[in-house]
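# A structural walkthrough
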Amino acid sequence: MAVLPIRKFPDPVLKEKTKPVEKIDNEVLKLIKNMADTMYAAPGAGLAANQIGVLKRVIVVDIHEHDKHLMAFINPEITWYSKEIEESEEGCLSVNPEIHVPVPRSVKIHFKALNKKGEPVEFEADGFLARVLQHETDHLNGIIILDRISPEEKRKALRELSEKRPPV
Ligand code: NI
């Protein structure tokens, strides 16, 4: 079990684009294990590799609140976004889990990735899963929730963030 420190905004690693995984080797499997441990310890519903400082296209997701249903995706891609958008409160382990901002997201998506065995998986997602997959795929592209909200909402969130941050 390895719970790793989660990189926090404004760490520049969160702005970096991650690279596709070319080979699913033991290093990648260990990364997935560490990401899952870190996500469950936080706790959170998802985590992207650059949130622990690794610039690889890997995400882990678990939207179940009680029993564990871990999903790990390598080289994820959203191949279709519904035109229907919904705004809902979202938090991020790299911002501050206590701060929630209204993020507009597609209600439905088509999602494509490799699982940890290297097999292609493809499915349609909606509801909270669609939201989490969009959030984590955003991370891999250097985008966080503060980039998805209005300047006014962002100012409000940054103010709240500076109030919550412990003095150094
Ligand atoms: Ni996040």
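Residues numbered from 1 in each chain as written. Predicted model: local features only at pLDDT ≥ 70, side-chain atom pairs only at ≥ 80, totals over all residues. Heavy atoms only, no water.

## A look at the packing of aromatic side chains
Filter applied, for reference: Here is the rule: rings of Phe, Tyr and Trp (six-membered ring for Trp) pair when centre to centre is within 6.5 Å. Planes less than 30 degrees apart are stacked, more than 60 are edge-to-face, and the remainder are tilted. Here a helix means four or more residues in a row that DSSP labels H or I, a strand means two or more in a row labelled E, and each is numbered from the N terminus. Any residue under 20% of the maximum accessible area for its type is buried, any over 50% is exposed, and the rest in between are partly exposed; the area is computed with a 1.4 Å probe on protein chains only.
Tallied over the full model, the rule gives 3 aromatic pairs. Taking the centre distance of 4.9 Å and the plane angle of 70 degrees together, the rings of Phe73 and Phe111 count as edge-to-face. Here Phe73 is found in strand β3 (residues 71–81), whereas its partner Phe111 is found in strand β6 (residues 108–114), with 38 residues between them in sequence. For the pair shown, Phe73 and Phe111 are each scored as buried. Both rings, one in Phe111 and one in Phe123, keep their centres 5.3 Å apart while their planes meet at 45 degrees; by these two values the pair is tilted. Of this pair, Phe111 sits in strand β6 while Phe123 sits in strand β7 (residues 120–126), placing them 12 residues apart in sequence.

## As for the pattern of salt bridges
To be explicit about the condition: Each salt bridge in this description consists of a side-chain nitrogen of Lys or Arg and a carboxyl oxygen of Asp or Glu lying within 4 Å of one another.
Counted under the stated rule, the structure contains 11 salt bridges. Taking the shortest distance from any N to any O, the salt bridge between Lys33 and Asp37 comes out at 3.2 Å. Remark: Asp37 and Lys33 occur in helix α1 (residues 26–41); sequence separation between them is 4 residues, near one turn of the helix. Taking the relative accessible area as the measure of exposure, Asp37 reaches 10% and is therefore buried. For the salt bridge of Arg105 with Glu90, the shortest nitrogen-to-oxygen distance reads 2.8 Å. Taken as a pair, Arg105 in strand β5 (residues 101–106) and Glu90 in strand β4 (residues 85–90) lie far apart in primary sequence, 15 residues in all. Take Arg105 and Glu90: they sit in the same class, and that class is buried. Where salt bridges share partners, they join Glu90, Arg105, Arg131, Asp138 and Arg148 into one cluster.

## A short note on unusual backbone geometry
Going from Phe9 to Pro10, the amide bond is cis rather than trans, its omega being 5 degrees. With an omega dihedral of -10 degrees, the bond running from Ala42 to Pro43 counts as a cis peptide bond. Checked against the element boundaries, Pro43 lands in the loop between α1 and β1 (46–48). Despite not being glycine, Asn75 shows a phi value in the positive range, around 50 degrees. Within the secondary structure, Asn75 is located in strand β3.

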